[in-house]
Amino acid sequence: MSQPLVDYQVAEHIATITFNDPKSLNAFGTPLKNQVLIALDKAAADDQVRVIILQGAGGNFSSGGDIKEMLSEGLDKDIVSNKLRGMVEGAGEVSLKLRHIHKPIIAKLEGAVAGAGMNLALTCDFRIAADNAKFVQAFVNIGLVPDAGGIYLLAKATELVMLGDKLKAEDMARLNLVNNVVSVDELEATVQALALRLSQLPGKALAAMKESFNVHAFAGLSAALDTEVEQQ
């Protein structure tokens, strides 16, 4: 039997959601998106889960949107446009879900952290990066605009989205876009230590804090996601 595109595990009040398509570097296509939403709903509904970790299998977080899916029904302009609309809307759906779950969510980042993958990580509450992580807003290089909230989340980092340059983990730390950078060998222990610490803090207080962040810092995210769909 083939492996599921998303692996879901719970231990010590921590739900770990793993993008499990290493052959594509965990490209974010519709099947993966659907399974991620199911896993997030499961974690949100489970009272035993206090913290969520989002990670990728095979040494990469995500290579971003699945280009093969975008072109899977041919190169006709209208067909590609409709396919792209659905995929952009899907990425935005995950971004909103990550915000609306009132439990702390940690993005564990290594290897490729590109496009929609990078923007989904930015939507999480914490980001811990291995020193081998490579970040890129790749959209401009293929004539697209950021999705999954990219423009909204990077409003103060115009060069990232307009130039499409690749950044190292240290560059992301300098821009205050990741919370910590550690060696690849230290990544798992660092993420687990943070998740354990959060799991032992008052859950209702953390939920209220996240709700306040959504009201004050993410109030425009939904409208930004709608704009992304039209611009794409």
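Report on the accompanying structure. (Residues numbered from 1 in each chain as written. Predicted model: local features only at pLDDT ≥ 70, side-chain atom pairs only at ≥ 80, totals over all residues. Heavy atoms only, no water.)

### Details of the environment of Phe28
Item 1. Within the secondary structure, Phe28 is located in the loop between β2 (14-19) and α1 (30-45).
Item 2. Sequence separation between Phe28 and Glu69 is 41 residues, and the spatial gap between their C-alpha atoms is 9.5 Å.
Item 3. Other than its neighbours up to four places away in sequence, Phe28 contacts Phe19, Lys33, Val36, Ser62, Gly64, Gly65, Asp66, Met87, Val94 and Leu120. (Helix = DSSP H or I, 4+ residues; strand = E, 2+ residues; numbered from the N terminus. Contact = heavy atoms within 4.5 Å.)

### Quick notes on unusual backbone geometry
Item 1. Positioned with a positive phi, Glu12 is a non-glycine residue whose angle comes to about 55°.
Item 2. Along the chain, the position of Glu12 falls in the loop between β1 (6-11) and β2.
Item 3. A positive phi is found at Leu25, a non-glycine position, where the angle reads about 60°.
Item 4. Among the structural elements, Leu25 can be located in the loop between β2 and α1.

### A few points about the pattern of salt bridges
Item 1. Scanning the model with the defined rule gives six salt bridges in all.
Item 2. Here Arg99 and Asp125 are joined by a salt bridge, their closest N and O atoms 3.2 Å apart. Of this pair, Arg99 sits in helix α3 (residues 77-100) while Asp125 sits in the loop between α4 (115-123) and β6 (126-130), placing them 26 residues apart in sequence.
Item 3. Residues Glu188 and Lys108 are paired through a salt bridge, measuring 2.3 Å at the closest nitrogen-oxygen approach. Pair noted here: Glu188 is in helix α8 (residues 184-199) and Lys108 is in strand β4 (residues 105-109), with a separation of 80 residues, a long-range link.
Item 4. On the basis of relative accessibility, which here comes to 38%, the residue Glu188 falls in the partly exposed class.
Item 5. Linked by salt bridges that have partners in common, Arg99, Asp125 and Lys210 make up one network. (Salt bridge = Lys/Arg side-chain N within 4 Å of Asp/Glu carboxyl O. Buried < 20%, exposed > 50% of the residue type's maximum accessible area, 1.4 Å probe, protein only.)

### Notes on the nonpolar core
Item 1. Membership of the largest hydrophobic core comes to 42 residues, with the highest contact counts inside it found for Ile52, Leu109 and Phe135.
Item 2. Here this core gets six residues from one element, more than from any other, and that element is α1.
Item 3. With near-sequence residues (within four places) excluded, Ile52 lies in contact with Ala15, Ile17, Leu40, Ala43, Ile101, Pro104, Ile105 and Ile106.
Item 4. Counting 13 residues, the second-largest nonpolar core is a separate cluster that includes Val51, Ala130, Val182 and Val191. (Core = buried A, V, L, I, M, F, W, Y, C linked by side-chain atoms within 4.5 Å.)

### Points about the sheet that holds β2
Item 1. A sheet is described by the order of its strands in space; here six strands give the open sequence β1-β2-β3-β4-β6-β9, paired in mixed fashion. On the outer flanks of this sheet lie β1 and β9 (180-182), each paired with one strand and no other. Geometrically, the sheet is characterised by an average inter-axis angle of 20° between neighbouring strands, direction not taken into account.
Item 2. Where β2 lies against strand β3 (residues 51-56), six bridges are found, and the strand directions are parallel. Looking at the pairing, Ala15 lines up with Ile52 of β3.
Item 3. Strand contacts of α8: β2, β3, β4, β6 and β9, with the helix running at about 160° to β6, the strand carrying the most contacts. (Pairing = 2+ DSSP bridges. Axes fitted to C-alpha atoms, helices over the stretch in contact; angles between N-to-C directions.)

### Focus: the packing of aromatic side chains
In this description, an aromatic ring pair is defined by two values, namely the gap between the centres and the angle between the planes.
Item 1. According to the stated counting rule, one finds two aromatic pairs in the structure shown.
Item 2. Here the aromatic rings of Phe19 and Phe28 are separated by 5.9 Å at their centres, their planes lie at 75°, and the arrangement is edge-to-face. As far as burial versus exposure is concerned, Phe19 and Phe28 are alike and both buried.
Item 3. With centroids separated by 5.3 Å and ring planes inclined at 55°, the aromatic side chains of Phe19 and Phe61 adopt a geometry described as tilted. Of this pair, Phe19 sits in strand β2 while Phe61 is found in the loop between β3 and α2 (67-70), placing the two residues 42 residues apart along the sequence.
Item 4. Of the residues examined, Phe19 reaches a relative accessible area of 1% and is grouped as buried. (Phe/Tyr/Trp six-rings, centres within 6.5 Å; stacked < 30°, edge-to-face > 60°.)

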